[in-house]
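Geometric and topological summary
These are the residues of each chain, in order.
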Amino acid sequence: MPASTLDQLVSLCKRRGFIFPGSDIYGGLANTWDYGPLGVELKNRVKKEWWKTFVHKRPDMVGLDASILMNPRVWEASGHVSNFNDPLVDCKNCKERFRGDKLLEEKLGVEAAAVLKLDQVQPMLVAEKIPCPACGKVAWTEAKKFNLMFKTQQGVIEGEGSDIYLRPETAQGIFVNFKNILDTMRLRLPFGVAQIGKAFRNEITPGNFTFRTREFEQMEIEYFFDPEKQKWEDIFATWKKDSWNFIVETLGVAKKNLRLRDHEKDELSHYSKGTTDIEYKFPWGWGELCAAAAYRTDFDLTQHEKFSGQELKYTDPDQPDHKIIPHVMEPSFGSDRITLAVLLDTYTEETLANGETRIVMKFDPKIAPVDCAILPLSKKEHLIAKAQDLYKKITQETDLVVDFDVTGSIGKRYRRQDEIGTPKCITVDFGTLGEDEKQGEKDTVTIRDRDTLKQERLPISELIRRLAKP
Ligand code: ATP
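Here is a short report on the structure shown in this document.

**With respect to the overall build of the protein chain**
Scanning the protein chain from N- to C-terminus turns up 15 helices and 23 strands. Counting only C-alpha atoms, the protein chain reaches 80 × 65 × 50 Å along its principal axes. Out of the 470 residues belonging to the protein chain, those deemed buried represent 50%. Taking all contacts inside the protein chain whose residues are at least 6 apart in sequence as the whole, residues at least 24 apart take part in 65%. With an accessible surface of roughly 22,600 Å², the protein chain has 50% of that area assigned to carbon and sulfur atoms.

**Examining the sheet that holds strand β22 (residues 444-449)**
Strand order in the open sheet formed by 5 strands is β20-β19-β21-β22-β23, and the pairing between neighbours is mixed. The two strands at the open ends of the sheet, each matched to only one other strand, are β20 (402-404) and β23 (455-459). The mean inter-strand angle of the sheet, taken between neighbouring strand axes irrespective of direction, is 25°. Pairing analysis gives 4 bridges linking strand β21 (residues 424-428) to β22, with the strands arranged antiparallel. Opposite Thr427, over in β22, you have Thr446 as the bridge partner. Across the face of the sheet, helix α14 (residues 410-419) comes into contact with β19 (372-376), β20, β21, β22 and β23 while running at roughly 170° to β19.

**So, the nonpolar core**
As a rule of thumb, soluble globular proteins bury nonpolar side chains together. Phe18 and Ile247 are the most contacted members of the largest nonpolar core, which totals 55 residues. Sort the elements by how many residues they give to this core and helix α10 (residues 232-250) lands first, with 7 residues. Every residue in contact with Ile247, bar those within four places of it in the chain, is listed here: Gly252, Val253, Leu258, Ile278, Leu289, Cys290, Phe333 and Ile338. By size, the runner-up hydrophobic cluster in this structure holds 20 residues, among which are Ala66, Ala171, Phe191 and Ile324.

**Brief notes about the site of the ligand**
Lining the immediate environment of the ligand, one finds 15 residues, of which Glu203, Arg212, Thr213, Glu288 and Leu289 sit closest. The backbone of Thr213 places a nitrogen or oxygen atom 2.8 Å from a nitrogen atom of the ligand. At the level of secondary structure, the elements contributing two or more residues to the shell around the ligand comprise β10 (215-225), β13 (285-297) and β16 (327-334). Take the shell around the ligand: its biggest share by element is 4 residues, from β13. A class-by-class count of the residues in the shell around the ligand yields 5 nonpolar, 4 polar and 6 charged.

**Section: the packing of aromatic side chains**
Going through the model one piece at a time under the given rule, you end up with 23 aromatic pairs. Judged by centre distance (5.0 Å) and plane angle (75°), the rings of Tyr280 and Phe282 are edge-to-face. In this structure, Tyr280 and Phe282 share a single accessibility class: buried. Among the aromatic side chains, those forming a connected cluster through ring pairs are Trp50, Trp51, Phe54, Tyr223, Trp239, Phe246 and Phe333. Taking the ring centre of Phe211 as reference, the NZ or CZ of Arg337 above it sits at 3.8 Å. Over the aromatic face of Tyr414 sits the side chain of Arg448, whose NZ or CZ is 4.2 Å from the ring centroid.

**Some points on helix α2 (residues 37-56)**
Structural remark: α-helix, 3.6 residues per turn; residues separated by three or four positions point the same way. An ideal rise of 1.5 Å per residue puts 28 Å on 20 residues; α2 measures up with 26 Å between its terminal C-alpha atoms. Among all positions in α2, only Leu38, Gly39, Leu42, Lys43, Arg45, Val46, Lys47, Glu49, Trp50, Phe54 and Val55 are buried.

**As for the sheet that holds β13**
Strand order in the open sheet formed by 7 strands is β3-β9-β10-β16-β13-β12-β11, with mixed pairing between adjacent strands. Strand pairing shows two members of the sheet lacking a second neighbour, β3 (61-64) and β11 (258-262), which therefore form its edges. Pairs of neighbouring strands in the sheet enclose a mean axial angle of 25°, with direction left out of account. Summarising the sheet, strand β12 (residues 274-282) and β13 pair through 9 bridges and their orientation is antiparallel. Bridge pairing in β13 links Thr275 to Ala294.

**Comments concerning the environment of Cys13**
Locating Cys13 in the fold gives a position in helix α1 (residues 4-15). Residue class for Cys13 comes out buried when judged on its relative accessible area of 0%. With 26 residues separating them in the primary sequence, Cys13 and Gly39 have C-alpha atoms 8.0 Å apart. In contact with Cys13, other than residues within four places in its own chain, are Phe18, Ile19, Phe209 and Leu343.

Rules used in this analysis
- Note on numbering: residues in each chain are counted from 1, in written sequence order.
- Two thresholds apply to this predicted model, a pLDDT of at least 70 for residue-level local features and 80 or more for giving and counting side-chain atom pairs, whereas whole-chain, interface and lining totals are computed over all residues.
- Only hydrogens and water are removed before side-chain values are computed, so all heavy atoms of the structure are retained for them.
- By the criteria applied, helices consist of DSSP H or I runs no shorter than four residues and strands consist of E runs no shorter than two, each listed in order from the N terminus.
- When a residue's accessible area, from a 1.4 Å probe over protein chains only, is under 20% of the maximum for its type it is buried; when over 50% it is exposed; and in between it is partly exposed.
- The contact criterion used throughout is that any non-hydrogen atoms of two residues lie within 4.5 Å.
- Per-residue and other accessible areas were derived by the Shrake-Rupley procedure at a 1.4 Å probe size, with only the shown protein chains allowed to occlude residues.
- For two strands to be treated as a pair, DSSP must find at least two bridges joining them.
- Axes here mean lines fitted to C-alpha atoms, for a helix over just the part in contact, with angles spanning 0 to 180 degrees between N-to-C directions.
- Grouping buried Ala, Val, Leu, Ile, Met, Phe, Trp, Tyr and Cys residues that are joined through side-chain atoms within 4.5 Å yields what is termed a nonpolar core.
- Residues are classed as near a molecule or strand on a simple rule: at least one heavy atom within 4 Å of it.
- In protein, a polar contact means a hydrogen-donor-capable atom and an acceptor-capable atom, both N or O and within 3.5 Å, with residues adjacent in sequence counting only if both atoms are side-chain atoms; elsewhere, any N or O pair within 3.5 Å suffices.
- Residue classes follow a fixed rule: Ala, Val, Leu, Ile, Met, Phe, Trp, Tyr, Cys and Pro count as nonpolar, while Asp, Glu, Lys and Arg count as charged, and any other residue, Gly among them, counts as polar.
- Put simply, two rings from Phe, Tyr or Trp (the six-membered ring, in Trp's case) pair if the centres are within 6.5 Å, and we call them stacked under 30 degrees between planes, edge-to-face over 60, tilted for the rest.
- By definition, being over a ring means that NZ of Lys or CZ of Arg is both within 6 Å of the ring centre and within 35 degrees of the ring normal.
- Multiplying 1.5 Å by the helix residue count minus one yields the expected span of that helix.

Have a look at this one:
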């Protein structure tokens, strides 16, 4: 995947209504992005597939939607107040600030940079002669810890006691609701809780389109188990496989662009005994797509028990004297990053048999933002009316997302649908009306496949069945 792919993709996303720069008419706000009409459909479908796979299709999982704002004690208990830091370096020449480990990562690779200690960052930047991306000088300060949490104030009176954080991860909402869920849902270990929601991190160097932003969305699972009854290594292996399968089989991301990477011992978060990321080959190199599984032990529930004074233990219904704090496996996905990987992975430029080139987004039909487009061959009123009837029929009888496009030549309209990745285009012509036998029989339409470009004539009565089963 050439580096220029990112620029081409950013331009396509804007041109076709997937992703716009945030606050565009005010000159933007750095590294904020808004999902346009097609982007929101795509991202919603990624989230819907995730929810279906990990909540609806599993008897051992339930969902949750907790608040973004939480009691500030949560973040003391979780360790975020003291540990959620990145190494910040200043350029002494131009005063720009950067994340030291990320500058090193670009040169040394993700594995080498991930294990560096804070006091090794500046000497390494100097030894590797890594210049400031803004001014080109090598003049770095010592690295300092920079806390990534967004602080804000709650209520009408500014001052002590009103400081509050925007959550930097969705996970803590699950731990804090563990007792509520246990008391209401008749669950037995092992079971998991899934949540999709916004998270905020004051990233030092956001960038690479939607890869790293300060506001983003996570899809997280906390899977609780009894370590005396199940080996964490087995649960870890199962979640690694399930997370991988979601990305490859459900979303259709190409295996050749993915790899699993185990965190080195020195790289693990303060709570983790083992973490494996799924990485994607982005145009700028390998980068974390999601955490396939992170073993958080009983760290979080133990901390919340201590800080809240509430008992967060599980009693085995078959052994009432067996009371434990469950251990936790966490697969953690970012819906924006995954949507970006899907966009990059499906972006294709092809030369057709007639020498023309086309851009086509080869989305898996499950997540394509538009399922099919209805294209009346001409702007003749009665032809458009027939096509509109078909639009109504499909949207009323199915849950498909249908586009209706009358502008431009049919060739231009096919190109447009290719660029937004619509799997099927349906052309309504004078044959459909029973006015031109050469075009086809009455009440038949042409259906064109995005990938093979094959066109087939079929009766409207069969169309819905065919659309439901690509
Ligand atoms: P990184 O090393 O890239 O900063 P992380 O290890 O801090 O990521 P996690 O805390 O494991 O990330 O968060 C889980 C997932 O949330 C990530 O795999 C990613 O998909 C998503 N995510 C995290 N930070 C961001 C961000 N700033 N912008 C977009 N997505 C993010």
